[in-house]
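# Report on the structure
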Amino acid sequence: RGRSAEELLEGLNDPQRRAVVHAGTPLLVVAGAGSGKTRVLTRRIAWLINERDAHPGSILAITFTNKAAAEMRERVTELVGNRAKIMWVSTFHSSCVRILRKEADKLGFTSSFTIYDAADSKRLMGLVCKEQDLDAKRFAPRAVLNWVSNAKNELLDPEDAAAAAQNVQEQTYAAAYTDYQRRLRAANAMDFDDLIMAVVHLFRAFPAVRESWRRRFRHVLVDEYQDTNHAQYALVHELCGTNPEEAEAEAVEPAELMVVGDADQSIYAFRGASIRNIMDFELDFPDAETILLEQNYRSTQTILTAANSVIARNDSRKPKNLWSDAGQGERIIGYVGDDEHDEARFVAEEVDRLTDAGDARAADVAVFYRTNAQSRVFEEVFIRVGLPYRVVGGVRFYERREVRDALAYLRALVNPADEVSLRRILNVPKRGIGDRAEACVTALADRERITFWQALQRAKDAPGIATRSLRNIEGFVAVMEELQQMVEAGERVDVVLEATLARSGYLTELEASDDPQDETRVENLGELVAVAREFADDPVLGPSADPADAADAADPVDGAAPAPQPGLTDFLERVALVADADQIPDAPDAEEGAPAPPGVVTLMTLHTAKGLEFPVVFLTGLEDGIFPHQRALGDKPELEEERRLAYVGLTRAQQRLYVSRAVVRSAWGAPSHNPASRFVDELPVDLVEWKRTAAEQTSWSRPAATWGVTAGRSSGAGGAVDGSFGRGLSSSTQKRFGAAAARADAAARATKGRDVPSLSAGDRVQHDSFGLGTVVSTEGAGDKAVASIDFGADGVKRLLLRYAPVEKL
Ligand code: ATP
Ligand code: MG
């Protein structure tokens, strides 16, 4: 069934075909962005199933996000039919969760262990630091956690880490690690980094378990291999039986391994990813086949040249020869906004213009930014102008307090040993169980060596507990037990969630409140119920129902075996995985997961954008200190990583690319003036057409104090002011720039009555911000008089004299 061999090779160039049909030895495909690496990987899976009779259950494909996994599975299904559905296509984390659900008992966990996300981990580490009396300044929980995460990515358990500690500080970290890990275990919980490390340790400790998984997966394929860290690298090799250091021969033949990647797109060094893994592939496997791809099928030559010229500034890289025959295409469009609102307005206006002209649909458009927080302004402006959008990257939804509270309830229900969750909701909503009562229960738990939950159930034995607190605790325990019975009875996830919100009094408290924020909270909880409902309705897509199990039992047929109703544990697992900062959620609302609906613009961080492509891309916030990130400014390796991130962003664009920034940006309330991003300076000048430059911008409305900082650099990036300069306050500009134009108007009124200085070439002038300058030339007269003035180090500026704060000397 499905496509013929010729059809599977259709639309592939020669090296791509070689990669698809390659058999036997390990295979490495390295190539620049948009050269078809992911396409090759997908086709190869179809080829393995159709032409080489591989059982779909024997294939493991690793992608970087859940969304990429869903797309890949869908694509393979198109090629070979429904039997592909049982394949494991998932992220490293999801794959490990699935393995651990089966094997957790061997590591001393139950199969319903909880997954702690970043926020939970931080809370727990906060507890640890407090208990160890660590100086909060020297040992912030976040920093300790970072250190622990690095240790885990290097596969060091607490003992290893303690043994490797070089100084007192590291010994302190290691001690915190030990305690943190002990508490996780007591709570029957693992954090994100544990998932990978646990599987590697499991395989190393239980060769028989490892062998059974090796028998199962005969083909392992990894996309975005440049972003694997050491633990993931080790996992791949444990799983394939290709560990270069493994001495004795194994009973099972090594699996066929294919990895694809691009060292220029490595953007996760901060999580321990190492391009060493891709660089050293040929050393690890002397018999490996390496295939290079050089044709880019995604972008116009203009976009590609721009991206190549930026990444070429990185020293530590192999030069590549990536080309496209898609033609030159449009020039890149640049824009400098007054502030971040003006920048967002520009984006909205451009989307309007493109859709009105029939050049693109809103769904073709993606807006990228460096950090999640930057989405807020785009959201505000898009809502105001009525431009539909979606924010991809779940973090914000799942980080909302009410959502986290609701999830904490659910976790406490399935895993009462999960103390962090239980304590979180103990007195939320307020039910008269204060700190003192909590301390009494804790004391009981310590004395009797029972869990916090068990102590709650026996609260009447708690030393010194007040009668009223006791009554309240008993009420809470009764509600939880009642809800637990629903879970045990196999009730649908959405039903359990709704019952929880109602019975706990959580919803009542919100609904009774006058705070408008609480209204939003109720809506968000409604959204969470919708996510749960969708999950309960469509178990096939979830990571939960393990379709490969059905495959083990019976040979799969089209339509696959009916999957069991997924449980609460599965739901929480799914949520924990999508809530990770870099996972794309499949369904925070009804629209996500499916391809973007036709009228909707996509907003996402650059990290999330990896592997994706869009006809129209806006790269925003291009300011030194924003992107590249503040942290990277004085640090070469970090700066190179930011540059790779810029390369990733630029190469997402297929036809049209915009680069923009804001002169003033309010960060944490205080406005900051950031210079243009150095990455903008690295774009070839002739490829960028500036709709509005800093010079134009400044001559209208920029507060004088900010001039010196930015104008010099951006004129270097943007080149001379273009013909649109004099357009100033035309009605079209009024419409387009809204508030910016209004502000310019106000500035105009303010300067009214001031004489426009009459200048001629050679005159010396004083400018409020640029200082002394010499007039090079002038044109126009009266209100339209423009002078080009040489300000030395700040360069030559063209200024509309009516607004420019210059004085003739
Ligand atoms: P990235 O590095 O960004 O992950 P990639 O190397 O994985 O990119 P793909 O996403 O697989 O590249 O391919 C980029 C685009 O080019 C896709 O739209 C894909 O369908 C198309 N493409 C790939 N190979 C060919 C080909 N031989 N002919 C036509 N189109 C192709
Ligand atoms: Mg790809």
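Residues numbered from 1 in each chain as written. Chains lettered and ligands numbered in written order. Predicted model: local features only at pLDDT ≥ 70, side-chain atom pairs only at ≥ 80, totals over all residues.

The cut-off we apply is this: UniProt positions are given in the numbering used here, feature names are shortened, and annotations may be inferred rather than shown by experiment.
The name that an unreviewed UniProt entry assigns to the protein is DNA 3'-5' helicase, with the source organism given as Rhynchospora breviuscula. The record held by UniProt for the protein lists under Sequence similarities (unreviewed entry) the comment "Belongs to the helicase family. UvrD subfamily."

### A look at the overall build of the protein
Quick reminder of the rule: Only runs of H or I of at least four residues qualify as helices and only runs of E of at least two qualify as strands under DSSP, and these elements are numbered from the N terminus. With C-beta atoms placed from the backbone, a residue is labelled by how many other C-beta atoms lie within 10 Å of its own: buried for 20 or more, exposed for 12 or fewer, partly exposed between the two. We call two residues in contact when the distance between their C-beta atoms, placed using the backbone, is within 7 Å.
Regarding its fold elements, the protein presents 34 helices and 21 strands. Going through the 809 residues of the protein one by one, you find that 50% of them count as buried. In the protein, 74% of the contacts between residues at least 6 apart in sequence involve partners at least 24 apart.

### Remarks on the nonpolar core
Keep this limit in mind: For our purposes the nonpolar core covers buried Ala, Val, Leu, Ile, Met, Phe, Trp, Tyr and Cys residues that link as a set through C-beta atoms within 7 Å.
The biggest cluster of nonpolar side chains holds 138 residues, and the ones touching the most others in it are Val-29, Ala-61, Val-199 and Val-220. In terms of nonpolar packing, the next biggest core, distinct from the first, is built from 66 residues, Val-310, Leu-387, Val-601 and Phe-614 among them.

### Considerations on the environment of Glu-438
Within the element layout of this structure, Glu-438 appears in helix α21 (residues 435-448). Sequence separation between Glu-438 and Ala-459 is 21 residues; the distance between their C-alpha atoms is 9.8 Å. Apart from the residues within four sequence positions on either side, Glu-438 is in contact with Leu-426 and Ile-433.

### Describing the packing of helix α19 (residues 401-414) against helix α23 (residues 467-488)
Note the cut-off: Fitting a line to C-alpha atoms yields each axis, with helices limited to the stretch in contact; the angle taken between N-to-C directions then spans 0 to 180 degrees. In these notes the angle categories are as follows: under 35 degrees is roughly parallel, over 145 is roughly antiparallel, 65 to 115 is roughly perpendicular, and the rest is oblique. In this classification, Asp, Glu, Lys and Arg are treated as charged, Ala, Val, Leu, Ile, Met, Phe, Trp, Tyr, Cys and Pro as nonpolar, and every other residue, Gly included, as polar.
Contact geometry for α19 and α23: axes closest at 9 Å, N-to-C directions at 75 degrees. Overall, the two elements α19 and α23 adopt an arrangement that is roughly perpendicular. Contacts from Ala-412, Leu-413 and Val-414 of α19 reach α23 at Met-480, Leu-483, Gln-484 and Val-487. Of the residues that constitute the contact of α19 with α23, the class distribution is 6 nonpolar, 1 polar and no charged.

### Remarks on the UniProt feature "binding site: ATP" (unreviewed entry) in the protein
Here, UniProt's "binding site: ATP" (unreviewed entry) annotation points to Ala-31, Gly-32, Ala-33, Gly-34, Ser-35, Gly-36, Lys-37 and Thr-38. Looking at where Gly-32 falls in the secondary structure, it is placed in the loop between β1 (27-31) and α3 (37-51). C-beta crowding within 10 Å serves as the criterion here: with 25 such atoms nearby, Gly-32 is assigned to the buried category. Here Lys-37 is to be found in helix α3. Those residues within four positions of Lys-37 in sequence are excluded, and the remaining contacts are Val-29, Ala-31, Val-260 and Leu-293.

### A word on the site of ligand 1
Rules: What makes a residue near a molecule or strand is its C-beta atom, placed from the backbone, lying within 6 Å of it. The domain boundaries here were taken from an automatic or database domain assignment.
Close to ligand 1 lie 19 residues; Gly-36, Lys-37, Thr-38, Arg-39 and Tyr-297 are nearest. The element that contributes the greatest number of residues to the shell around ligand 1 is α3, accounting for 3 residues. Each of domain 1 (5-101 + 196-297) and domain 3 (324-394 + 592-694 + 701-718) gives at least three residues to the shell around ligand 1.

### Re the domain arrangement of the protein
For the protein, the assigned domains read domain 1 (5-101 + 196-297), domain 2 (115-187), domain 3 (324-394 + 592-694 + 701-718) and domain 4 (400-537). Computed from C-alpha coordinates alone, the two centres of domain 1 and domain 4 are separated by 42 Å.

### What to know about the sheet that holds strand β6 (residues 219-222)
Put simply, the rule reads: The rule for pairing is simple: two strands pair if DSSP sees at least two bridges between them.
Strand order in the open sheet made by the 6 strands is β3-β2-β6-β7-β1-β8, with parallel pairing throughout. With partners counted over all chains shown, the strands left at the sheet margins are β3 (88-90) and β8 (289-293), one partner each. Sheet twist, expressed as the average angle between the axes of neighbouring strands with direction ignored, equals 10 degrees. Sheet topology places β6 next to strand β7 (residues 256-261); 4 bridges connect them, and they run parallel. Considered in β7, the bridge of Leu-221 is made with Met-258. Against the sheet, α3 touches β1, β2 (59-62), β6, β7 and β8, its axis set at about 160 degrees to β7.

### Side note on the sheet that holds strand β19 (residues 786-790)
Strand pairing in a sheet relies on backbone hydrogen bonds, with the paired strands running either antiparallel or parallel. Ordered by their spatial adjacency, 5 strands build an open sheet running β20-β19-β18-β17-β21, and the pairing between neighbours is antiparallel. In this open sheet, the two strands that pair with only one neighbour each are β20 (796-800) and β21 (806-808). Each strand axis lies, on average, 40 degrees off the axis of its neighbour in the sheet, ignoring direction.

### Things to note about the packing of α23 against helix α24 (residues 493-503)
The geometry of α23 relative to α24 is characterised by a closest axis approach of 10 Å and an angle of 170 degrees between their N-to-C directions. Between α23 and α24, the angle falls in the class roughly antiparallel. Taken together, the residues of α24 that come into contact with α23 (itself represented by Val-479, Glu-482, Leu-483, Met-486 and Val-487) are Val-496, Ala-499, Thr-500 and Arg-503. Looking at side-chain class alone, the contact of α23 with α24 contains 6 nonpolar, 1 polar and 2 charged residues.

### Some thoughts on helix α11 (residues 207-216)
Test applied: The arc in question is the one spanned by the directions pointing from the helix axis to the C-beta atoms.
What α11 keeps buried is the set Arg-210, Trp-213 and Arg-214. Taken around the axis of α11, the buried residues stretch over an arc of 105 degrees, which confines them to a single face. Those residues of α11 hidden inside the fold are in contact with α5 (92-103), α10 (192-205) and α12 (230-240).

### Observations regarding the pairing of β6
Residues His-219 and Leu-221 point to one face of β6 and Val-220 and Val-222 to the other, with burial holding for every one of them. Pairing analysis gives 4 bridges linking β2 to β6, with the strands arranged parallel. Within the sheet, the bridge partner assigned to Ile-59 lies in β6 and is His-219.

### Observations concerning the pairing of strand β13 (residues 614-619)
With respect to burial, β13 is a largely interior element, 5 of its 6 residues being buried. Bridging between strand β10 (residues 365-369) and β13 involves 4 bridges; their strand directions are parallel. In the sheet register, Val-367 faces β13, and the bridge partner there is Phe-618.

### Considerations on the environment of Phe-368
Positionally, Phe-368 belongs in strand β10. Phe-368 sits in the buried class, given 27 other C-beta atoms within 10 Å. When the C-alpha atoms of Phe-368 and Phe-618 are compared, they prove to be 6.1 Å apart, with 250 residues separating the residues in sequence. Leaving out residues up to four positions away in the same chain, Phe-368 has contacts with Met-604, Leu-606, Ala-609, Val-617, Phe-618, Leu-619, Thr-620 and Gly-649.

### With respect to the environment of Glu-379
Within the secondary structure, Glu-379 is located in helix α17 (residues 375-385). Counting along the chain gives 12 residues from Glu-379 to Val-391, while the straight-line C-alpha distance between them is 8.4 Å. In this structure, Glu-379 is in contact with Tyr-389 and Val-391, ignoring residues within four places of it in sequence.

### Some words on α19
Selection criterion: Multiplying 1.5 Å by the residue count of a helix minus one yields the expected span of that helix.
With 14 residues, α19 extends 20 Å between its outermost C-alpha atoms, agreeing within 8% with the 20 Å of an ideal straight helix rising 1.5 Å per residue. The element α19 is extensively covered by neighbouring structure, given that 11 of its 14 residues are classed as buried. Listing the buried residues of α19 in full gives Glu-402, Val-403, Ala-406, Leu-407, Ala-408, Tyr-409, Leu-410, Arg-411, Ala-412, Leu-413 and Val-414.

### Some words on unusual backbone geometry
Following Val-428, the chain continues into Pro-429 via a peptide bond in cis, with omega recorded as 0 degrees. One can find Pro-429 in the loop between α20 (419-425) and α21. Phe-627 connects to Pro-628 through a cis peptide bond whose omega is 5 degrees. Here Pro-628 lies in the loop between β13 and α29 (636-650).

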